[in-house]
Amino acid sequence: NRQLHALRNTIGRSKASVLADRVRLINPECDVKLREEWLTSEGALALLLEEMEGEKASFAVLDAIDGFYEKAALIEASVRLGKHVVTVGAAGGKTDPCALRISDLALASNDPLLARTRQTLRKQYAFPTGAVRGRSSPWGVHAVYSIEPPPAQKRSDEPVRDCERFGTACFATGAFGFAAASALVTAIAQEQQPRHLKELAHWRRSREASSGTLAVEAPSTLGGSDKEQVADRVDEQEADAV
């Protein structure tokens, strides 16, 4: 059992509704909004705008999506709106909770899901690339991932998720959740956008505002597009390692 709210008497029920019930039991004053729907790449920005409507308190995003296209879209929407976002890497096959790390998404390693997400952010959403050993300079997007080596597996032609190939363990997935919550609460408590996130948002706005003939250079802390091929090769090798 990898989820605290999953019990024998909840088998067959919607996971989202069971989790909402548990939150309300912990604190009835919590304002829980239940949405049982798929998040799509096309609908990520609209979903965040709907969730932000009428919110007066700090707004932040915790991403635990399995698909890298949707993952990238949610991160891009969060950055576009200037909101804190924490993304979580793959937990399938991980067994060592002490191997978790919290770092910038641009610098996260040993995680094929996050590597594919970075590629998508650069190719589809014009995220910049730096020149630190082929990796980007910090983007201001926190990532939770494990440096534990991936387990051996049998190759398959059928596309499957890591949790289906490797299985998951509650002592690992729970640690991922606690680490992500820690990063998100810390970001909210700071009450300001991290410096790198501000720079990233500013650079992307400048790029979008530029004409087709006017090239806008990225800030030196973020790097430029001339390093994209190097970074893509690094992420391609990492994504194919599992």
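Residues numbered from 1 in each chain as written. Predicted model: local features only at pLDDT ≥ 70, side-chain atom pairs only at ≥ 80, totals over all residues. Heavy atoms only, no water.

Would you take a moment to explain the side chain of threonine 173 for this structure?
Mapped onto the elements of the fold, threonine 173 is located in helix H6 (residues 170-190). On the accessibility criterion, threonine 173 (16% relative accessible area) is buried. Reaching out from threonine 173, the side chain makes a polar contact with the backbone oxygen of cysteine 170 at a distance of 3.5 Å. (Helix = DSSP H or I, 4+ residues; strand = E, 2+ residues; numbered from the N terminus. Buried < 20%, exposed > 50% of the residue type's maximum accessible area, 1.4 Å probe, protein only. Polar contact = N/O pair within 3.5 Å; in protein donor to acceptor, adjacent residues only side chain to side chain.)

It is not clear to me how the pairing of strand S2 (residues 84-88) should be interpreted in this structure. Could you clarify?
In summary, the side chains of a regular strand alternate between the two faces of the sheet. Judged by how many residues are buried, S2 sits mostly within the fold: five of five residues are covered. Burial along S2 is two-sided: His84, Val86 and Val88 facing one way and Val85 and Thr87 facing the other are all buried. In this sheet, S2 lies alongside strand S1 (residues 60-63) in parallel orientation, the contact comprising four bridges. Residue leucine 62 lies in a different strand from S2, and its bridge partner there is valine 86. Handedness of the crossover is the feature at issue here: the chain leaves S1, passes through helix H3 (residues 68-80), returns alongside S2, and the resulting connection is right-handed. Sheet analysis places S2 next to strand S4 (residues 142-146), joined by three bridges and oriented parallel. If you follow valine 86 over to S4, its bridge partner there is histidine 142. (Pairing = 2+ DSSP bridges. Right-handed = clockwise from strand over helix to strand, strands pointing away.)

Help me understand unusual backbone geometry in this model?
Glycine aside, a negative phi is what most residues show, and trans is what most peptide bonds show. Here the phi dihedral of asparagine 110 falls at roughly 65°; this positive angle occurs in a residue that is not glycine. One can find asparagine 110 in the loop between strand S3 (100-104) and helix H4 (112-125). Phi at alanine 126 takes a positive value of approximately 60°, unusual for a residue other than glycine. Along the chain, alanine 126 falls in the loop between H4 and S4. Given the relative accessible area of 23%, alanine 126 is considered partly exposed.

Could you clarify how one ought to interpret the sheet that holds S1 in this entry?
The pairing of strands in a sheet happens through backbone hydrogen bonds and is either parallel or antiparallel. Strand order in the open sheet formed by four strands is S1-S2-S4-S3, and the pairing between neighbours is mixed. What marks the edges here is a single partner per strand, and that holds for S1 and S3. Between one strand axis and the next, the sheet turns through 15° on average, direction left out of account. (Axes fitted to C-alpha atoms, helices over the stretch in contact; angles between N-to-C directions.)

Whenever I open this one, the packing of aromatic side chains confuses me. Can you help?
Any two aromatic rings considered together are summarised by their centre-to-centre distance and by the angle between their planes. By the definition in use, this model includes two aromatic pairs. Where phenylalanine 127 meets tryptophan 139, the ring centres are 5.0 Å apart and the plane angle is 75°; that geometry is what we call edge-to-face. Placement of the pair is phenylalanine 127 in the loop between H4 and S4 and tryptophan 139 in the loop between H4 and S4, with a sequence separation of twelve residues. (Phe/Tyr/Trp six-rings, centres within 6.5 Å; stacked < 30°, edge-to-face > 60°.)

Looking at this structure, how should I read the nonpolar core?
Core analysis: the largest hydrophobic core is formed by 25 residues, its most contacted members being Leu105, Leu121 and Trp139. Elements that contribute at least two residues to this core include exactly helix H2 (44-52), H3, H4, S4 and helix H7 (195-209). Ranked by the residues each element gives to this core, the list is headed by H3, at six residues. Once residues lying within four places of it in the same chain are set aside, the contact partners of leucine 105 are Ile75, Thr87, Leu114, Arg118, Leu121, Trp139, Val141 and Ala143. (Core = buried A, V, L, I, M, F, W, Y, C linked by side-chain atoms within 4.5 Å. Contact = heavy atoms within 4.5 Å.)

What is the right way to read the packing of H2 against H3 from this model?
Between two packed helices, the angle of one axis relative to the other and the distance separating the axes together describe the packing. Direction vectors running N to C along H2 and H3 enclose 50°, while the axes themselves pass 8 Å from each other. By the angle class used here, H2 and H3 are oblique. The two elements H2 and H3 meet at a crossing, and its hand is right-handed. Listed contacts from H3 to Ala44, Leu45 and Leu48 of H2 are Ala73, Leu74, Ala77, Ser78 and Arg80. (Parallel < 35°, antiparallel > 145°, perpendicular 65-115°, else oblique. Left-handed = near helix turned anticlockwise from the far one by under 90°.)

Help me understand H2 in this model?
Note that an α-helix has 3.6 residues per turn; residues three or four places apart therefore point the same way. Those residues of H2 that sit buried are Ala44, Leu47, Leu48 and Glu51. What you see down the axis of H2 is that its buried residues fit within an arc of 95°, all on one side. Contacts from the buried residues of H2 go to S1 and H3. At the C-terminal side of H2, glycine 54 shows a positive phi close to 80°. (Arc of directions from axis to C-beta.)

Sorry, what's going on with the environment of valine 79 here?
If you trace the backbone, valine 79 turns up in helix H3. For valine 79, a relative accessible area of 1% corresponds to the buried category. Separated by 122 residues in the primary sequence, valine 79 and alanine 201 place their C-alpha atoms 6.3 Å from one another. The residues touching valine 79, leaving out its near neighbours within four places in the chain, are Phe127, Val141, Leu197, Leu200 and Ala201.

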